[in-house]
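Fold and geometry: a report
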Amino acid sequence: MNLETTAYQAILSLVNAVEPRVGAAIGQELTDQRASLKLIASENYASLTTLLTMGTWLSDKYAEGTIGHRFYAGCRNVDTVEAVAAEHARELFGADHAYAQPHSGIDANLVAYWAILSQRIEMPSLEEMGAKTVNDLDEDDWNALRILLGNQKVMGMALDAGGHLTHGFRHNISGKMFIQHSYGTDPATGLIDYDALAAQVKEFKPLILVAGYSAYPRRVNFARMREIADSVGATLMSDMSHFAGLVAGKVFTGDDDPVPFSDVVTTTTHKSLRGPRGGLVMCTSEYADAVDRGCPMVLGGPLGHVMAAKAVALAEARQPSFADYAARVAANAKSLAAGLMKRGVKLVTDGTDNHLCLLDISTSFGLTGRQAENALLDAGIVTNRNSVPRDPNGAWYTSGIRIGTPALTTRGLDEADFDKVAGLIVEALKATKPTTTPDGSASKAKYVIDAGVADRVHHEAEELLAGHPLYPELTLV
Ligand SMILES: Cc1ncc(COP(=O)(O)O)c(C=O)c1O
């Protein structure tokens, strides 16, 4: 029996002895993941080494503070794993400074926002007020500073143009703590119109310009974003959560690489980067001290076990095989897009040059995103619905489906396989129709899919997956 199988059989036996329902759910999740044609653009499969690294006693240690400067005794091993994770991140991405503590992407963005506010607003204000720290301020000065911190402007990409909710969406804390405007995309092309953005930024004058996206199928010109930020003295914060793997694998270089052009770069570690669930912040040396104050500013105790897994995954991403993986992710996305378009599907921006495609489902099939998401699931294909720019169906029903290649590329699917995947998607959606509501209009939620087609597509999806087993080294009984 190989090491991985031995390790996971032991874990499951131990868990089953205490709470069999949890053991069963862990086992079932592997079965489900193995059986699903996973096209969710933000998901991946981390290596078993990365996953196993998370199951250690580093989780038992409190280590608030930063490397070598903790509020608890006995943190030398957490210091080591945090320092190794940060070192790999700096080397991999060419960043001046890296901070490995954020528990997720949303945390990384909060750390970044507050580091920028601290550096740009709090520190200069303290100096003006003749104080060293906020504890030196009297009540009046403290309230004045709090009002100033709460009165700053941010500009990020609109949610329906592909931005993320942490980029200023009103239902997220980023929309509540800033005065916020967002930028969209050109209605004709679906692309960022940099001239229009430059004019909007000059007018609004944000303190922070946020670049990056969750559902934009194109590259961003970060050199241009830098120029636009500089035109009003804004801090450029780039969120590469979705495409960090393509940066790490050197698919995105030059103007496509956010790191050389941004003051602060945030990312998740679990999407195209293929690490454990978590976040990272990188920055220039100007923002390093402020970012390192993420705890206690935003975070509590760091997750030592997850930082260790980040270090392992980042070490993996520095191997030449990861660059090969990243190149295949991008090539597969091109093949998927071409396969969909040649079968008549309208894609937002008419293609892709990253890892994801955004299908205009309403235009192509007369369905909402919600209907398409469920119909595809009936046919064994896992996707998520997503707004398209200026979506007439809103953020709940939506008119789009977002699909991406990172996960299935990890399983080894190639360009020919992704052409087949495109065929399966089109076959399933062509066989799906909205039902009619009592008033005679088309339902936005209910649909019927031809059962024979759903079964056939499901079967073909299973056959495709059978040729590319997930975690093939793992044989659990
Ligand atoms: C661009 C972007 N930023 C941040 C996040 C938040 O990441 P997490 O779910 O780890 O908090 C996401 C995840 O969907 C994302 O796409």
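Note that residues are indexed from 1 along each chain, following the sequence as it is written. Per-residue local features are limited, in this predicted model, to residues with pLDDT of at least 70; the limit for side-chain atom pairs, both in listing and counting, is 80 or more; totals at the level of whole chains, interfaces and linings are taken over all residues.

**Some thoughts on the overall build of the protein**
Heads up, the rule is: Runs of E in the DSSP output that reach at least two residues are strands. Runs of H or I that reach at least four are helices, and both are numbered from the N terminus. Values of the radius of gyration come from C-alpha atoms, whereas the globule rule sets the reference at 2.2 Å times the count of residues to the power 0.38. Exposure in this text rests on C-beta crowding, where 20 or more other C-beta atoms within 10 Å of a residue's own make it buried, 12 or fewer make it exposed, and counts in between make it partly exposed. The C-beta atoms are placed from the backbone.
Counting its secondary structure elements, the protein contains 20 helices and 16 strands. Relative to its length of 477 residues, the protein is compact, with a C-alpha radius of gyration of 23 Å against a globular reference of 23 Å. For the C-alpha atoms alone, the extent of the protein along its principal axes is close to 75 × 60 × 45 Å. Here the protein, with 477 residues, has 49% of them falling under the buried criterion.

**Thoughts on the site of the ligand**
As a reminder of what qualifies: Proximity of a residue to a molecule or strand is defined by its backbone-placed C-beta atom lying within 6 Å of that partner. All residues other than Ala, Val, Leu, Ile, Met, Phe, Trp, Tyr, Cys, Pro, Asp, Glu, Lys and Arg, Gly among them, are scored as polar; the first ten of these are nonpolar and the last four charged.
Near the ligand, the surroundings consist of 13 residues, among which S104, G105, I106, S214 and S241 are the closest. No other element matches helix α5 (residues 105-128), which puts 3 residues into the shell around the ligand. Of the residues in the shell around the ligand, the class split is 1 nonpolar, 11 polar and 1 charged.

**Comments concerning the domain arrangement of the protein**
Formally: Reported domain spans reflect what an automatic or database domain assignment gives. By the criterion used throughout, residues are in contact when their C-beta atoms, derived from the backbone, lie within 7 Å.
Each assigned domain of the protein is listed here: domain 1 (57-317) and domain 2 (320-466). Look at where the C-alpha atoms of domain 1 and domain 2 centre, and you get two points 31 Å apart. Contacts between the two partners involve 25 residues from domain 1, matched on the other side by 25 residues from domain 2. Those elements that place two or more of their residues in the side of domain 1 that touches domain 2 are α10 (244-248) and α13 (304-317). Here the side of domain 1 that touches domain 2 takes 3 residues from α10, the largest share from any one element.

**Remarks on the nonpolar core**
The criterion, for reference: Think of a nonpolar core as buried Ala, Val, Leu, Ile, Met, Phe, Trp, Tyr and Cys residues, each tied to the set through C-beta atoms within 7 Å.
The biggest cluster of nonpolar side chains holds 130 residues, and the ones touching the most others in it are A89, L209 and A428. Aside from chain neighbours lying at most four places away, what touches A89 is A95, A98, A100, L280, M282 and L314.

**What about the sheet that holds strand β6 (residues 179-183)?**
Rules: Pairing between two strands requires that DSSP report at least two bridges joining them. Simply put, an axis is a line fit to the C-alpha atoms, just over the touching stretch for a helix, and the angle between two N-to-C directions goes from 0 to 180 degrees.
Spatial strand order, β4-β10-β9-β8-β7-β5-β6: 7 strands in an open sheet with mixed pairing. Among the strands making up the open sheet, the edge pair consists of β4 (97-99) and β6. Averaged over all neighbouring strand pairs, the angle between strand axes comes to 20°, with direction disregarded. Sheet topology note: the strand β7 (residues 208-212)/strand β8 (residues 235-239) ladder contains 5 bridges and is parallel. Within β8, the residue paired with I208 across the bridge is T235.

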